[in-house]
Amino acid sequence: MSTIRLPPLPSIKDVLKIYRLRAMKELSQNFILNQNLADKIIKKTGNLNDCHVLEIGPGPGALTRSILKCQPKKLIVVEKDKRFEPTLEMLADAFETINGKMEIIFDDIMKINMSNLFPSTEIKAWTEKCPRIKLIGNLPFNVSTPLIIKLLHAISEKRDAWTFGKTRMTLTFQKEVAERLIAQPLDVQRCRLSVMAQAWTHPVLHFIIPGTAFIPKPKVDVGLVTFVPLTIPRTKHEFSIFEKVTRHIFSFRQKYGIRGVETLFPLEYRTELAQMMYKLSDLNPQTRPVELTIENIDNLISAYKYLLEKHPDIKLYDYRASRRIVSLSYSKDLEIIECVNFE
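The name recorded for the chain in an unreviewed UniProt entry is rRNA adenine N(6)-methyltransferase, from Apis mellifera. Database annotation for the chain, UniProt heading Sequence similarities (unreviewed entry): "Belongs to the class I-like SAM-binding methyltransferase superfamily. rRNA adenine N(6)-methyltransferase family."

Colleague: Just to check I follow, could you spell out the overall build of the chain for this structure?
Modeller: A tally of helices and strands in the chain yields 12 helices and 9 strands. Considering the chain as a whole, with its 343 residues, one finds that 48% of them fall into the buried category. The contacts of the chain with a sequence gap of at least 6 include a subset with a gap of at least 24, amounting to 70%.

Colleague: Sorry if this is basic, but what is going on with the UniProt feature "binding site: S-adenosyl-L-methionine" (unreviewed entry) in the chain here?
Modeller: Per the UniProt record, "binding site: S-adenosyl-L-methionine" (unreviewed entry) is annotated on Asn 30, Ile 32, Gly 57, Glu 79, Asp 108 and Asn 138. Take Ile 32: it is sitting in strand β1 (residues 31-32). Those residues in contact with Ile 32 that lie beyond four places of it in its chain are Ile 12, Leu 37, Ala 38, Ile 41, Ala 62, Leu 63, Asn 138, Ala 213 and Phe 214. Turning to its location among the elements, Gly 57 is positioned in the loop between β2 (52-56) and α3 (62-69). Here Gly 57 is in contact with Val 78, Glu 79 and Asn 138, once residues within four sequence places are set aside.

Colleague: For this particular structure, what's the right way to read the environment of Leu 181?
Modeller: Checked against the element boundaries, Leu 181 lands in helix α6 (residues 175-182). The sequence separation of Leu 181 and Cys 191 amounts to 10 residues, and the corresponding C-alpha distance is 8.3 Å.

Colleague: Help me out: how do you make sense of the nonpolar core in this one?
Modeller: It is characteristic of soluble globular proteins that their nonpolar side chains tend to be buried jointly. Core analysis: the largest hydrophobic core is formed by 65 residues, its most contacted members being Met 114, Trp 162, Phe 173 and Phe 265. For this core, the domains that each give at least three residues are domain 1 (12-229) and domain 2 (239-319). If we skip the residues at most four places from it in the chain, Phe 173 touches Leu 139, Phe 141, Ser 144, Ile 148, Ala 178, Leu 181, Asp 221, Val 222, Gly 223, Val 225 and Phe 227.

Colleague: What is the right way to look at the packing of helix α7 (residues 192-200) against helix α8 (residues 239-249) in this model?
Modeller: Packed helices, taken two at a time, are described by the angle their axes make and the gap between the axes. With their axes 9 Å apart at the nearest point, α7 and α8 run at an angle of 150° to one another. Comparing the axis directions of α7 and α8 gives the class roughly antiparallel. The interaxial crossing formed by α7 with α8 has right-handed handedness. Listed contacts from α8 to Arg 192, Val 195, Met 196, Ala 199 and Trp 200 of α7 are Phe 239, Phe 242, Glu 243, Thr 246 and Arg 247. A per-class count over the contact of α7 with α8 returns 6 nonpolar, 1 polar and 3 charged.

Colleague: Can you walk me through the pattern of salt bridges in this structure?
Modeller: Close approach of charged atoms lets side chains of opposite charge pair. The final tally for this structure, using the stated rule, is 18 salt bridges. Note that Asp 39 is salt-bridged to Lys 69, the shortest N-O span being 3.1 Å. Of this pair, Asp 39 sits in helix α2 (residues 35-43) while Lys 69 sits in helix α3, placing them 30 residues apart in sequence. The exposure class of Asp 39 is partly exposed, given its relative accessible area of 27%. The partly exposed category is assigned to Lys 69, whose relative accessible area is 22%. The shortest N-O distance in the salt bridge between Lys 236 and Asp 298 comes to 2.8 Å.

Colleague: How do you make sense of the sheet that holds β2 when you look at a structure like this?
Modeller: Where strands meet in a sheet, backbone hydrogen bonds hold them as pairs that are either parallel or antiparallel. The strand order β4-β3-β2-β5-β6-β9-β7 describes an open sheet built from 7 strands, whose pairing is mixed. Each edge of the sheet is formed by a strand with only one pairing partner; in this case those strands are β4 (102-106) and β7 (201-209). The mean inter-strand angle of the sheet, taken between neighbouring strand axes irrespective of direction, is 20°. Most of the contacts of helix α4 (residues 85-96) go to β4, to which it runs at about 165°, and overall it touches β3 (74-79) and β4.

Colleague: Would you explain a nonpolar patch on the surface in this entry?
Modeller: A cluster of nonpolar side chains, contributed by Met 276, Leu 280 and Tyr 306, occupies part of the molecular surface with about 260 Å² of accessible area. One can find Leu 280 in helix α10 (residues 270-280). Given the relative accessible area of 43%, Leu 280 is considered partly exposed.

Colleague: Any chance you could explain the environment of Thr 263 here in plain terms?
Modeller: Examined against the element boundaries, Thr 263 turns out to sit in the loop between α9 (257-262) and α10. What makes Thr 263 buried here is its relative accessible area of 1%. One polar contact links the side chain of Thr 263 to the main-chain carbonyl oxygen of Gly 260, over a distance of 2.5 Å.

Colleague: Mind showing me how you'd approach α7 here?
Modeller: Think of an α-helix as turning once every 3.6 residues; residues three or four places apart then point the same way. Within α7, 8 of the 9 residues are buried, which leaves it mostly tucked inside the rest of the structure. Within the sequence span of α7, burial applies to Leu 193, Ser 194, Val 195, Met 196, Ala 197, Gln 198, Ala 199 and Trp 200. Buried positions along α7 lie against α5 (141-156), α6, β7, β9 (222-229), α8 and α11 (294-310).

Colleague: Could you clarify how one ought to interpret the side chain of Thr 263 in this entry?
Modeller: A polar side-chain atom of Thr 263 sits 2.7 Å from a polar atom in the side chain of His 248. Apart from residues no more than four positions distant in its own chain, Thr 263 is found in contact with His 248, Ser 251, Phe 252, Arg 270, Tyr 317 and Tyr 319.

Colleague: Any chance you could explain the packing of α5 against α7 here in plain terms?
Modeller: Two elements in contact, α5 and α7, have axes separated by 10 Å at closest approach and are oriented at 30°. The orientation of α5 with respect to α7, classified from their angle, is roughly parallel. Here α5 runs over α7; the crossing is left-handed. Where α5 abuts α7, its residues Thr 145, Ile 148, Ile 149, Leu 152, Ile 155 and Ser 156 lie against Arg 192, Leu 193, Met 196, Ala 197 and Trp 200.

Here is what the cut-offs are and how they apply
- Residues numbered from 1 in each chain as written.
- Predicted model: local features only at pLDDT ≥ 70, side-chain atom pairs only at ≥ 80, totals over all residues.
- Heavy atoms only, no water.
- UniProt positions renumbered as here; feature names shortened; annotations may be inferred.
- Helix = DSSP H or I, 4+ residues; strand = E, 2+ residues; numbered from the N terminus.
- Buried < 20%, exposed > 50% of the residue type's maximum accessible area, 1.4 Å probe, protein only.
- Contact = heavy atoms within 4.5 Å.
- Core = buried A, V, L, I, M, F, W, Y, C linked by side-chain atoms within 4.5 Å.
- Domains from an automatic or database assignment.
- Axes fitted to C-alpha atoms, helices over the stretch in contact; angles between N-to-C directions.
- Parallel < 35°, antiparallel > 145°, perpendicular 65-115°, else oblique.
- Left-handed = near helix turned anticlockwise from the far one by under 90°.
- Nonpolar A, V, L, I, M, F, W, Y, C, P; charged D, E, K, R; others polar.
- Salt bridge = Lys/Arg side-chain N within 4 Å of Asp/Glu carboxyl O.
- Pairing = 2+ DSSP bridges.
- Patch = residues over 30% accessible without salt bridge, like charges linked within 9 Å, V, L, I, M, F, W, Y side chains within 5 Å.
- Areas by Shrake-Rupley, 256 points an atom, 1.4 Å probe, with all protein chains shown as cover.
- Polar contact = N/O pair within 3.5 Å; in protein donor to acceptor, adjacent residues only side chain to side chain.

Written out as structure tokens, the structure reads:
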């Protein structure tokens, strides 16, 4: 990967002092100060030369500097915290002096429509190689899980950055989440996130970064994961129902999978329909969630959709809503009891 030398810049540590910047706990911010580590992270994203790169949450800009040195055609950074405006503008000015283009967007990545950020000339068919577009980010822990679910949803529907083809993304997660993303059947870390990530992408855990590499030091280490979208997904079902059934299956991870499947149905039909789902899927009801392959779960979803066709009245059943109703009823009963006792 060819690199360039940026004009002389103050170190990230000095930048934080100059602009009196500190990580905000409420935003789960952790900064990388070691530029060699930043370079190592960016090296794992592949060749960025002549690519369009979107960096999520650049903060003071350690990864941004490493990206710029790789001569992308254009770099777009999306940052929620406007305190970093002067530091990012300094990098944009430095990149411009060597005929580079860097755009700064102050917004929440959860609200961004990425299909508007890249030129149509970069579109490639889903059956072709990955487009010259890369997503990179050192994610705050509080947004990493909801964000990856949102991005996986976009991949499944080939929208946002995936309007352009099989766009790769390389993101950081706390170590436990990173290990769950790649966990295979029978792995103790296997969970809903494992299945969701592996149904539409091939996630690769590159290495673990010690928490001491960040300021402030988080209580956990960090994993760097690249997601390569699959040409052919491992499921034939739409994202919403796949996510719903998978979430229910893993809601009782230490018990038999049928325990979670039962919560898809109203109490009066629960046992019968859950057993039917497993029978239609040719699976043992005593199989535990961590033992299930994506293909097993895909079959369970096919069975669930079949049962919804036969029993359309259960389609709108919401286990969490029913629990809230029971909880409210129980609270009301307690109020009545208290009133009676008071009198």
